[in-house]
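Take a look at the letters that make up each chain.
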Amino acid sequence: MTSRDEFRFLADLVLKRSGADETIVTIQDQHGGTARFANNRIVQNVDTRRGMLTVSVAFDGCRGSASTTDFTAGSVQEALARAERIARVSPEDPEYLPAPDPQVFPTRQTSRPETAMAGPSRRLEYANEAIGQCRIENLQAAGIVSSSVASVGVAASNGLFAQEERSEARFSLTVQAEDATGWSAAAHRSIDHLKIQDRTLSAINKAKRGRDVQELSPGHYRVILEPAAVAGLWSWILWTLDAKSYEKGTSPFSGQLGRQIVDERLTLKNLPDHPDLLGTGFTQEGLSSEDAMWIEKGVLKQLAYDRFTAKKQGIKRIATLDAPCLSASGPTAFKTQELIKQCERAILVTNFWYIRTVNQTDLTLTGMTRDGTFLVEDGQIISAVRNFRFHESPLRVFKQVEAFTEAAEAVTSETGKVLVPAMVLRDFYFSSVTRF
Amino acid sequence: MPNPSWDEMAELALKRVAASGAEYGDIRLVRSTSQSVSGEDRRIASIRDVDDAGFGVRVLYHGGWGFAASSILSLEEVPRVAELAIDIARGSASLASEKVRLVDEPVHRDRVVTASRIDPFTVPLEQKTTLLREVMECLQRQSEVVRSSATLWARRDRKLFVSTEGTRLDFDLLAVQGEFTATARHDGRFASRSFATPHLRTGYELIEAANFLAETPRIASQAVEKVKAAPVRPGMYDLVLDPEHLSLTMHESCGHPSELDRALGYEANYAGTSFLTTEKRGIFRYGSPCVNLVADNTEAETLAATGYDDDGVACQKWDIVREGLFVDYCTNREVASKIGEARSKGSNRADSWGSVPIVRIANIGLEPGTDSLDDLLADVKRGIYIEGHGSYSIDQRRYNFQFGGDAFWLIENGKRTQMLRDVIYHGITPEFWNSCDGVADRGHRRRYGFITCGKGQPGQSGWMTHAASHARFRRVAVIKG
């Protein structure tokens, strides 16, 4: 994998030869693999090294960019030549800005040696552990164990330079008990923190509880959303906070900056130093990743700025959102189980799946419940229920928060990793039911 | 061949694999060159030129799979990667409770080249940026259009596939696409209307024939009309769906459930399984008698028509649904034997040199019927005509779906009348396809494709084309989005 010195050498190779007004070099050199299993056996076992170096240049505000997977001197210089050729025939970009000024970036423990050293045998060992527990229960396991380490860097002709290693390990498991499924997932910088056994037991328990299933009618329900389900809805809030759409009036948040958009007890921060989040030291654009307040006591405080819009709006420091943490103030429950005990009648949702926008103006979303949906009555899980389709805006339902836990780790197949509480929401609309 | 040493590298890798005692091995060496020119709000926002090259070695050892890949194309890296793939396969085999067995395939030695008249990589960049700027300018000339975007995309894949069975396949494949969007704002709302060519394996002639500038006034004015349109009144409607819209409906509700690996549980942890379980094959009433869904990976220009798949299996044509009855799956050499098939359908594809091939949806299309579009509309008292793609979501077994669209018109007494907004329809897959009572004729047939079909862990983007003529569906539940 490309070391800091090797990246500096490659960057210098480009920067010294570039004839452009400005040149930026970025690198992503990743080595990792995945053991994938289904029906209690390994179905896929892969290991890939992929490096990608990108050269971006500008002449009088005319930009060009070229990438290559070949890090030999000839290829890197060819990428520079391609970028220059593109820039010379490109129209001037009115939003062009030179690279950010050089700065000292925060040093974070973004890579853990135990993950970087983990190879196919460690991944296989963890996969076998999950499969073994499911076999004992006479259940079917499907899932993945993955680990990777990447060298990520950015360098510019104005002296900007940043490079860091980032490791990541992931585990996810779907347990099948006849027609029922249970699910659990984890992601961490350290492969030692995947908690394979605990998470496998959790998925097994969900699957076993799902065997006794009933169908309920679609309609409005009180819901208990586990952290993964909360994260699924919140991801769409985070993805639609871009400042340019806000400014053009094509954002669901237009006109809402400084106003309350969710329950006043909810606060969203970026916490890149949090040991359980996947915070980084810098962005691909060469911006520093720092603590930032995005939503404070329900009030929208921040937008996701591109550099041009930030400059236009006089924003000095662009906030990043690489390590989101949503927390709730006030009395909290310790675990989801305590939320269940508080509910007279509710639907407990483990996770959502295939969430998509239905109406961008008010951020109405749709999606399905998945891998563990249960009816709660009188503080207890009564039975599993057939999966529902929902039709809701997170901007409506997160104004109706009744109770919550402390922020907990949440990872889903469609989102990154976040810290969010489990929550009880008073009124949530399920528009239809599926066959299982 | 872009690199004269590729054959040498393939030989080096496969010698190692053969010496290991593995029963099967293959190597794919790929150089993918792509160019994407993107405009946003009248400006060219980015021009990206990517040269992505590497190789992947796949090994089947005592019934266990191993795969290793690298972007370092050197004679020193090949043995390391080949040995790693062998070691990984040995590890998989040590845990194999059921051994993988590949169905037979004849040995092939062939070269496949995309036919094209204009190589998209030789078209001057200025010509592309000028076109996109003119398109965006024209879109934003329409009052109340507040945003615009436009994109041209092209990719060339040069690939060498060699297997221990003696198959050697050499590919030079192209794909091209272009699209643009106008976003209008009115009364606190905003809405978009898009125009897109299909993704096809052809040259830049696809873009020239699409005549973007002739289409921009219609798209811009329809964006404004859409944002000002009356919202749909929820209820049961007859739907007439255009081929572009149907491509997504077919993809999600027919394509994915027909992937045999899903039906067998391989995707249970991510993309999901399938309601089309194996005991339903040949007996399950998927749709009405007018529903014929055919997989055709041999039709020229379509995305999955690559001559051979990444198992080295020749592309084929077969029925998925015949006169409404579910009859067959998309398969690869591994899963075909699990339903008693002697040969794979040749639908195993990887999205790059760094990914292992997995079962992919074929070019599944709806066979034409005998009606004209006017015939389909004429028999609708109260319905909705839908064009293009919008919101989409479906459960992990592909039963419960929900779709929007790009543009909607009310049908009243057999005629398209005013535009509507916020139309969403939902249903259960077999109930929906059983409500189909008319398909337009071959003259209405259009092809649309996808290059971002997500599946697999690590995630891969699949490519396939879905052709259809307009089709009519009776009494479908519609809600306001």
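Residues numbered from 1 in each chain as written. Chains lettered and ligands numbered in written order. Predicted model: local features only at pLDDT ≥ 70, side-chain atom pairs only at ≥ 80, totals over all residues.

To continue, consider helix α1 (residues 6–19) of chain B. Residues and elements named next belong to chain B. Between its terminal C-alpha atoms α1 stretches 20 Å, which fits the 20 Å expected from 14 residues at 1.5 Å a residue. On the buried face of α1, the contacting elements are β1 (24–40), β2 (43–61), α2 (77–94) and β5 (145–163). Gly21 occupies a position one or two residues after α1 and carries a positive phi of about 90 degrees. (Helix = DSSP H or I, 4+ residues; strand = E, 2+ residues; numbered from the N terminus. Expected span 1.5 Å × (residues − 1). Contact = placed C-beta atoms within 7 Å.)

Residues and elements named next belong to chain A. The geometry of helix α1 (residues 4–17) relative to helix α2 (residues 73–89) is characterised by a closest axis approach of 10 Å and an angle of 45 degrees between their N-to-C directions. Taken together, the axes of α1 and α2 are oblique relative to one another. For α1 against α2, the interelement crossing comes out right-handed. Across the interface between the two elements, Leu10, Leu13, Val14 and Arg17 of α1 pack against Ala73, Val76, Gln77 and Leu80 of α2. By residue class, the composition of the contact of α1 with α2 is 6 nonpolar, 1 polar and 1 charged. (Axes fitted to C-alpha atoms, helices over the stretch in contact; angles between N-to-C directions. Parallel < 35°, antiparallel > 145°, perpendicular 65-115°, else oblique. Left-handed = near helix turned anticlockwise from the far one by under 90°. Nonpolar A, V, L, I, M, F, W, Y, C, P; charged D, E, K, R; others polar.)

Once that is clear, we can look at unusual backbone geometry. Across the junction of Gln457 of chain B and Pro458 of chain B, the peptide omega takes the value 0 degrees, indicating a cis bond. Mapped onto the secondary structure, Pro458 of chain B falls in the loop between β23 (446–455) and β24 (460–468). The backbone phi angle of Leu363 of chain A is positive, close to 60 degrees, even though this residue is not glycine. Backbone geometry places His62 of chain B, a non-glycine residue, at a positive phi of 50 degrees. Considering the arrangement of structural elements, one finds His62 of chain B in the loop between β2 and β3 (64–70). The partly exposed category is assigned to His62 of chain B, around which 15 C-beta atoms lie within 10 Å. (Buried ≥ 20, exposed ≤ 12 C-beta atoms within 10 Å, placed from the backbone.)

What follows deals with the interface of chain B and chain A. Taken together, the 65 residues of chain B in the interface contact 67 residues of chain A. By residue number, the principal contributor to the side of chain B that touches chain A is β2 of chain B, which donates 11 residues. A class-by-class count of the residues in the side of chain B that touches chain A yields 27 nonpolar, 23 polar and 15 charged. In the sheet, strand β3 (residues 62–68) of chain A pairs with β2 of chain B via 4 bridges, with the strands oriented parallel. Bridge pairing in β2 of chain B places Ala66 of chain A opposite Asp49 of chain B. (Pairing = 2+ DSSP bridges.)

What follows covers the nonpolar core. Within the largest apolar cluster, 284 residues are counted, with the highest numbers of intra-cluster contacts made by Val25, Ile224 and Val230 of chain A together with Val57, Ala85, Ala89 and Ile384 of chain B. The residues contacting Val25 of chain A, other than those within four sequence positions of it, are Leu10, Ala11, Val14, Leu15, Leu53, Val55 and Ala155 of chain A. (Core = buried A, V, L, I, M, F, W, Y, C linked by C-beta atoms within 7 Å.)

In this section: the domain arrangement of chain B. Residues and elements named next belong to chain B. One can read the domain layout of chain B as domain 1 (6–228) and domain 2 (231–480). Computed over C-alpha atoms only, the centres of domain 1 and domain 2 are separated by 22 Å. The partner domain 2 presents 34 residues to the 39 residues of domain 1 that form the contact. Among the secondary structure elements, those contributing two or more residues to the side of domain 1 that touches domain 2 are β1, β2, β3, β4 (109–113), β5, β6 (168–186), β7 (189–196) and α5 (212–228). (Domains from an automatic or database assignment.)

To continue, consider the pairing of strand β25 (residues 471–480) of chain B. All names here are of chain B. Two strands pair when backbone bridges link them, and strand β9 (residues 235–241) and β25 are joined in this way by 6 bridges, in the antiparallel orientation. Residue pairing for β25: Leu239 is matched across the bridge by Phe473. Taken together, the 4 bridges between strand β21 (residues 423–428) and β25 define a ladder with antiparallel strand orientation. Bridging from a neighbouring strand, Tyr425 pairs with Val478 of β25. Here 3 bridges tie strand β22 (residues 436–439) to β25, and the two strands are oriented antiparallel to one another.

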